[in-house]
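Report on the structure
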Amino acid sequence: MCGIVGYIGKKRAVDIILKGLSHLEYRGYDSAGVALVSTDAAHIYKASGKLNNLKEIICLENKENISATAGIGHTRWATHGLPTETNAHPHTCNCGSLIIVHNGIIENYKDLKPELEKKGCNFKSQTDTEVAAHLIAHEFEEKKDLLKAVQSAVKKLKGAYAFSIMHKSCPEKIIAARKNAPLIIGIGDGENFIASDIPAIIEYTKKAIYVSDNQVAEVKADSVKIYDENGNLIENKIENLPFEPIALSKMGYKHFMLKEIHEQPDVVRNALVDKIKDENAAIILDDVKLSKEKLAKINRIQIIACGTSLHAGLVGKYVIEELTKIPVDVEASSEYIYRNTIADENTLVIGISQSGETADTITAIKQAKEKNSHILIITNRKDSAMARMADSLLPINAGIEVSVAATKSYMAQLLNIYCFAIYLAEHTKNPDVKAISDIKKELLTLPSKLEIILNDTKNIQNISKKYSNSKDFIFIARGINYPSALEGALKLKEISYINATGYPAGELKHGPIAMLDETMPVLAILNKGVVYDKVLSNCEEAKARQAKLIGVTNFIDEKHKNLFDDAVIIPEISDIVSPALNIVVLQLLAYHIAEYLGKDVDQPRNLAKSVTVE
Ligand code: AGP
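These numbers were taken from a predicted model, which means no experiment stands behind them.

In this section: the overall build of the protein chain. Secondary structure assignment for the protein chain yields 18 helices and 25 strands. By the compact-globule yardstick of 25 Å for 614 residues, the protein chain fits well, its C-alpha radius of gyration being 26 Å. With the principal axes as the frame, the protein chain shows a C-alpha extent of 80 × 55 × 45 Å. Of all intrachain contacts in the protein chain linking residues separated by at least 6 positions in sequence, the fraction that spans at least 24 positions is 72%. Carbon and sulfur atoms make up 49% of the accessible area of the protein chain, which totals about 24,300 Å². Computing the positive centroid from 74 side-chain charges and the negative centroid from 78, the protein chain places the two 1 Å apart.

Taken as a whole, this structure holds 1 cavity of 30 Å³ or more when the rule is applied. Empty space within the largest cavity amounts to approximately 70 Å³. Cys2, Arg76, Trp77, Ala78, Thr79, His80, His89, His102, Gly104, Thr127, Asp128 and Thr129 are the residues that line the largest cavity. Classifying every residue of the lining of the largest cavity by side-chain character gives 3 nonpolar, 7 polar and 2 charged.

Here the focus is the packing of helix H13 (residues 408-426) against helix H18 (residues 579-596). Axis separation between H13 and H18 bottoms out at 10 Å; the angle between their running directions is 175°. Relative to H18, the element H13 is oriented roughly antiparallel. Contacts between H13 and H18 involve Tyr410, Met411, Leu414 and Tyr418 from the first element and Pro579, Ala580, Ile583 and Val584 from the second. Residues of the contact of H13 with H18, tallied by class, amount to 8 nonpolar, no polar and no charged.

As a further point, take the site of the ligand. Taken together, 15 residues sit near the ligand, with Ser309, Ser353, Ser355, Thr358 and Glu494 positioned nearest. Thr308 places a main-chain nitrogen or oxygen 3.1 Å from an oxygen atom of the ligand. Between the ligand and the protein, one listed contact pairs an oxygen atom with a side-chain N or O atom of Thr358 at 2.4 Å. In isolation the ligand offers 410 Å² of accessible surface; the protein chains occlude 91% of this area. Only helix H9 (307-324) and helix H16 (482-496) provide two or more residues apiece to the shell around the ligand.

This part is about the packing of aromatic side chains. This model, assessed by the stated rule, comprises 7 aromatic pairs. Taking 6.2 Å as the distance between ring centres and 25° as the angle between the ring planes, the aromatic pair formed by Phe420 and Tyr423 counts as stacked. Taken together, the residues Phe420 and Tyr423, both in helix H13 and 3 residues apart, mark about one turn of the helix. For Phe420, a relative accessible area of 1% translates into the label buried.

Running from N to C, helix H15 (residues 458-467) and H18 point in directions that differ by 50°, and their axes come no closer than 8 Å. The pairing of H15 with H18 is recorded here as oblique in orientation. Between H15 and H18 lies a crossing of right-handed hand. Here Ile460, Gln461, Ile463, Ser464 and Lys465 of H15 come into contact with H18, specifically with Val585, Leu588, Leu589, His592, Ile593 and Tyr596. The residue makeup of the contact of H15 with H18, split by class, is 7 nonpolar, 3 polar and 1 charged.

One pass over the structure, following the stated rule, counts 28 salt bridges. Across the pair Arg178 and Asp213 runs a salt bridge whose closest N-O atoms are separated by 2.8 Å. With a gap of 35 residues between them, Arg178 in strand S8 (residues 174-179) and Asp213 in the loop between strand S11 (207-210) and strand S12 (216-220) connect regions that are remote in the sequence. You can call Arg178 buried: its relative accessible area is 6%. The salt bridge involving Asp566 is made with Lys466; its shortest N-O contact spans 2.6 Å.

Taken across its 10 residues, helix H1 (residues 13-22) has 7 buried, putting it largely inside the fold. Taken together, the buried positions of H1 are Ala13, Val14, Ile16, Ile17, Leu18, Gly20 and Leu21. At its buried positions, H1 is contacted by strand S1 (3-8), strand S2 (31-38), helix H2 (51-59), strand S4 (70-76) and strand S10 (192-195).

Attention now goes to the sheet that holds strand S5 (residues 91-92). Ordered in space as S5-S6-S7-S8-S12-S13-S14, the 7 strands form an open sheet in which the pairing is antiparallel. Edge strands, defined here as strands with exactly one partner in the open sheet, are S5 and strand S14 (233-234). As defined by bridge partners, strand S6 (residues 98-106) adjoins strand S7 (residues 159-167) across 9 bridges and the pair is classed as antiparallel. Its bridge partner being in S7, Ile99 is matched across the sheet by Met166. Contacts from helix H5 (residues 146-154) reach S6, S7, S8, S12 and strand S13 (223-227), with the element oriented near 160° to S7.

Another point: the pairing of strand S18 (residues 347-353). The element S18 is extensively covered by neighbouring structure, given that 7 of its 7 residues are classed as buried. Of the two faces of S18, both are covered, the one formed by Thr347, Val349, Gly351 and Ser353 as well as the one formed by Leu348, Ile350 and Ile352. Alignment of strand S16 (residues 300-305) against S18, held across 5 bridges, turns out to be parallel. Paired with Ile304 across the two strands is Gly351, which belongs to S18. Pairing of S18 with strand S19 (residues 374-379), which is carried by 6 bridges, proceeds in the parallel orientation.

Another aspect to go through is helix H17 (residues 532-543). Between its first and last C-alpha, H17 extends 16 Å over 12 residues, near the 16 Å set by a 1.5 Å rise per residue. Along H17, the positions that sit buried rather than exposed are Tyr532, Val535, Leu536, Asn538, Cys539 and Ala542. Here the buried residues of H17 occupy an arc of 160° about the axis, which is enough to place them on one side. Where H17 is buried, its residues contact strand S21 (472-477), strand S23 (521-526) and strand S24 (548-553).

Reading the values: rules and limits
- Residues numbered from 1 in each chain as written.
- Predicted model: local features only at pLDDT ≥ 70, side-chain atom pairs only at ≥ 80, totals over all residues.
- Heavy atoms only, no water.
- Helix = DSSP H or I, 4+ residues; strand = E, 2+ residues; numbered from the N terminus.
- Rg over C-alpha atoms; globule rule 2.2 N^0.38 Å.
- Contact = heavy atoms within 4.5 Å.
- Areas by Shrake-Rupley, 256 points an atom, 1.4 Å probe, with all protein chains shown as cover.
- Lys, Arg positive; Asp, Glu negative; His and termini not counted.
- Charge placed at Lys NZ, Arg CZ, Asp CG, Glu CD.
- 1 Å grid on protein atoms, 1.4 Å probe; cavity = no way out; pocket = protein on both sides within 12 Å on 5 of 7 lines; lining within 4 Å.
- Points joined across faces, edges and corners; volume = space filled by probe spheres on them.
- Nonpolar A, V, L, I, M, F, W, Y, C, P; charged D, E, K, R; others polar.
- Axes fitted to C-alpha atoms, helices over the stretch in contact; angles between N-to-C directions.
- Parallel < 35°, antiparallel > 145°, perpendicular 65-115°, else oblique.
- Near = heavy atom within 4 Å.
- Polar contact = N/O pair within 3.5 Å; in protein donor to acceptor, adjacent residues only side chain to side chain.
- Phe/Tyr/Trp six-rings, centres within 6.5 Å; stacked < 30°, edge-to-face > 60°.
- Buried < 20%, exposed > 50% of the residue type's maximum accessible area, 1.4 Å probe, protein only.
- Left-handed = near helix turned anticlockwise from the far one by under 90°.
- Salt bridge = Lys/Arg side-chain N within 4 Å of Asp/Glu carboxyl O.
- Pairing = 2+ DSSP bridges.
- Expected span 1.5 Å × (residues − 1).
- Arc of directions from axis to C-beta.

This is the structure:
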């Protein structure tokens with residue numbers, strides 16, 4: 001996590017860096033800082049809390065001190081040390097000449113620190129990053145060259161880093177380095193940029209170089225030189241950046257989350273347009289590079305992911321097993337790793353990740369790769385580290401998702417998983433043609449059904465208001481909607497801080513029912529299908545304990561109308577596709593509850609959008 005921005009050129013660096021950081025706040029937002037460097041002067045500003053606190057401090061500054069045309073900035077998600085001003089980046093050496101911002105974790109900082117202390121380094125913060133500042137400063141004293149100092153220092157570091165480094169004595173350059181953390185260099189005309197991610201620089205340039213692991217770059221206003229780990233000058237391709245600045249606007253919505261929820265009908269259209277022409281045409285999945293022979297040999301599928309992506313994977317298990325009869329295991333990436341997982345060359349391992357940067361999933365994929373399994377990555381970032389590890393890549397093309405709580409990316413993940421399941425099913429020996437064409441037909445109706453829900457959210461808003469003061473919430477469902485219950489509970493927890501738990505409805509009576517009384521809302525997802533009556537019985541059991549019942553359903557008959565204290569009726573949809581419709585109700589519920597409570601919807605406390613630490 002953490003976001004870094006660097007600028008060197010002709011313009012006032014502070015403006016570009018602060019704007020860039022505001023687009024990287026999704027990576028962390030507990031403190032921020034900038035260093036502005038000009039000939040023999042470096043001014044550093046830091047503040048705990050949101051970027052606005054830093055902006056206020058800088059606003060009060062003397063214009064001359066912030067006129068530099070080079071600088072580096074950082075927005076932090078704390079890993080080592082509290083989110084205080086002292087721990088905020090940039091960090092410096094004793095005399096303040098060497099200045100660094102860092103995204104990642106230096107794992108061996110405790111081993112390096114005593115030696116540096118012996119040499120007289122005075123540590124001010126509790127961060128791992130400060131070790132890198134002192135280490136590079138020492139190398140600089142010896143080598144008198146910042147590039148060489150960084151090249152030598154990074155060899156001694158273990159862990160992950162994306163660095164931007166400046167030295168007062170050479171304000172005409174910024175050195176950047178990367179290992180297991182994203183870093184791009186934006187190419188301008190007489191100016192260059194450094195950033196953790198595209199949104200920070202897209203307003204200024206559409207051309208960038210992706211820095212690879214173990215590379216070090218020397219960035220000046222009119223040149224960029226990249227060196228490999230052996231110090232050889234190399235040439236990285238200049239690539240066109242995919243985003244439009246418009247993606248970073250709220251387009252009139254109060255929050256990015258609400259805008260992103262409303263984008264979902266288009267996200268679905270976009271996911272289906274080139275893949276499913278109609279229910280009778282074979283699905284087109286050009287990105288999947290599995291040969292017929294390889295497909296025939298797959299006898300096991302493992303899905304690994306975290307958080308919301310994990311819930312999409314759980315839906316995937318139901319769909320893939322239903323359509324292909326191939327056994328699917330779904331596991332949190334952090335549990336998959338560091339044990340002897342059973343996978344081989346006939347196992348298909350699917351990694352799902354919005355960001356493509358999640359450290360737990362990256363480690364899990366590396367582990368699966370060692371077992372020669374075919375790796376399919378389903379991600380929203382086809383330029384990400386995970387995408388580069390893929391044997392087959394399924395880009396979900398949801399567009400940039402700014403809100404920390406994932407919504408439209410979940411929808412796009414679901415749709416791509418449905419498509420992949422259909423693809424697998426069509427390649428099995430005896431495909432169930434009717435089941436395949438039914439699911440395609442239903443998927444094609446999804447955008448208009450989503451629009452029906454999104455065009456009238458008054459009822460959901462009223463229910464949200466009514467239950468916004470609840471201390472706890474329970475979500476129940478069965479079968480393919482059990483993951484919807486988990487995702488609904490996660491959304492509510494993340495942005496409202498209400499304790500919410502998702503259970504398989506049948507599990508309620510095995511313990512959680514003890515918590516039920518008139519203060520506990522139970523939200524039940526009931527889709528007309530095989531488990532409908534069973535969930536209904538579980539609702540009766542909850543009602544008998546005086547719990548407040550909220551139903552999300554596509555069917556209620558007369559005799560059950562009074563069972564629910566509140567209900568959201570969604571359009572008719574088949575059981576297998578229903579998770580993609582139900583989830584929108586749960587996203588809206590979480591959004592409006594958080595909004596009524598006045599929470600910071602887009603940037604909930606303690607979270608970050610890309611979790612790049614294990
Ligand atoms: C979703 O709302 C969360 N912020 C979080 O659970 C997220 O889904 C998880 O960290 C995985 O991220 P990824 O999809 O980028 O791998």
